[in-house]
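Here's the letter readout for the chains.
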Amino acid sequence: MGKLAVGALRAVLVVVLTGTVFVQVSMVWALASDPEDGSLPLTPLRVITMMGMASAQVALVCVWRLVTMVRRGTVFSHAAFRYVDGVIGAIVAAALLWFAVTAVNAPGQRDDPGVTVIMGGIGLAILGVALIVLVLRMLLAQAVARDVEATQLQAELDEVI
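Note that the coordinates shown come from a computational prediction; the quantities given were computed from them, not determined experimentally.

**What to know about the overall build of the protein chain**
Working step 1: Across its full length, the protein chain carries 4 helices and 0 strands.
Working step 2: What you see in the protein chain, going N to C, is helices and strands ordered as α-α-α-α.
Working step 3: Its C-alpha atoms give the protein chain a radius of gyration of 21 Å, clearly above 15 Å, the size a compact globule of 161 residues would have.
Working step 4: Residues classed as buried in the protein chain amount to 26% of the 161 residues present.
Working step 5: Considering only contacts in the protein chain between residues 6 or more positions apart, those separated by 24 or more positions represent 70%.

Structure below.
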């Protein structure tokens, strides 16, 4: 990765992280100062939103660490799996939180159950992203195995020469 791409990605990560912190602070402020009027279950939605922002923050930090590893040329190591697993866990948590939002919102959608079905479909799509990252993790595992094998073969070749 070039320095420009890394810098641009890091700038985006910082902006998104700042945005998620702002949303979390806003939700805490709203929980403390804005009472519910009864039309929507605001307290559960606010709590779920805060938890969703936390899962996004976990993913952002993991991506930051992976980008750092890419820059250093150490991404093809066993240490990278911890961060990839963190991203997968954060995405799965986000999907589960989305399903919770869907469940909290469903009673208000009795006249139009299609909204609940669409929201469930979005939750499945989020889980699909987690599965894509899982496939990428398997590709990383293969690359790490090939890198270890290449290192061993190089060491054997060096002994022969």
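From this point, the discussion proceeds with the structure in view.
**Details of the environment of Thr20**
Working step 1: In this fold, Thr20 is placed in helix α1 (residues 3-33).
Working step 2: On a C-alpha basis, the gap between Thr20 and Val87 in space is 16 Å, while along the polypeptide they are 67 residues apart.
Working step 3: Residues within four places of Thr20 in sequence aside, it is in contact with Met53, Ala56 and Gln57.
Working step 4: A distance of 3.0 Å separates polar atoms of two side chains, one belonging to Thr20 and the other to Gln57.

**Considering the packing of α1 against helix α2 (residues 42-72)**
Working step 1: Across the interface, α1 lies against α2 with an axial gap of 9 Å and an inter-helix angle of 160°. Here α1 is positioned roughly antiparallel relative to α2, judged by the angle of their axes. Handedness of the crossing formed by α1 with α2: left-handed.

**What to know about α2**
Side chains of residues three or four places apart in an α-helix project in the same direction, reflecting 3.6 residues per turn.
Working step 1: Relative to the 45 Å expected for 31 residues at 1.5 Å per residue, α2 spans 45 Å between its end C-alpha atoms, a close match to the ideal helical length.
Working step 2: Of the residues trailing α2, Gly73 is marked for its positive phi of about 80°.

**Points about the nonpolar core**
Working step 1: If you look at the biggest cluster of nonpolar residues, it comprises 15 residues, and the most contacted ones within it are Leu66, Met69, Ala80, Val84, Val133 and Leu140.
Working step 2: Residue assignment for this core shows that the elements contributing at least two residues are α2, α3 (79-105) and α4 (113-160).
Working step 3: Tallying contributions element by element places α3 first for this core, with 7 residues.
Working step 4: Those residues in contact with Met69 that sit more than four places away from it in its chain are Thr74, Val75, Ser77, Ala79, Ala80 and Tyr83.

**Re the confidence of the model for the protein chain**
Working step 1: Per-residue confidence for the protein chain gives a mean pLDDT of 91; residues scoring 70 or more make up 98%.
Working step 2: For the protein chain, per-element mean pLDDT is lowest for α1, which scores 92, and highest for α3, which scores 95.

**Side note on the pattern of salt bridges**
Working step 1: If you walk through the whole model with that rule in mind, you get 1 salt bridge.
Working step 2: Asp85 serves as the salt-bridge partner of Arg137, at 2.5 Å between the closest nitrogen and oxygen. Linking Arg137 in helix α4 with Asp85 in helix α3, this pair joins segments that are 52 residues apart in sequence.
Working step 3: Assessed through its relative accessible area of 35%, Asp85 is described here as partly exposed.

About the criteria used
- Residues numbered from 1 in each chain as written.
- Predicted model: local features only at pLDDT ≥ 70, side-chain atom pairs only at ≥ 80, totals over all residues.
- Heavy atoms only, no water.
- Helix = DSSP H or I, 4+ residues; strand = E, 2+ residues; numbered from the N terminus.
- Rg over C-alpha atoms; globule rule 2.2 N^0.38 Å.
- Buried < 20%, exposed > 50% of the residue type's maximum accessible area, 1.4 Å probe, protein only.
- Contact = heavy atoms within 4.5 Å.
- Polar contact = N/O pair within 3.5 Å; in protein donor to acceptor, adjacent residues only side chain to side chain.
- Axes fitted to C-alpha atoms, helices over the stretch in contact; angles between N-to-C directions.
- Parallel < 35°, antiparallel > 145°, perpendicular 65-115°, else oblique.
- Left-handed = near helix turned anticlockwise from the far one by under 90°.
- Expected span 1.5 Å × (residues − 1).
- Core = buried A, V, L, I, M, F, W, Y, C linked by side-chain atoms within 4.5 Å.
- pLDDT = per-residue confidence, 0-100.
- Salt bridge = Lys/Arg side-chain N within 4 Å of Asp/Glu carboxyl O.

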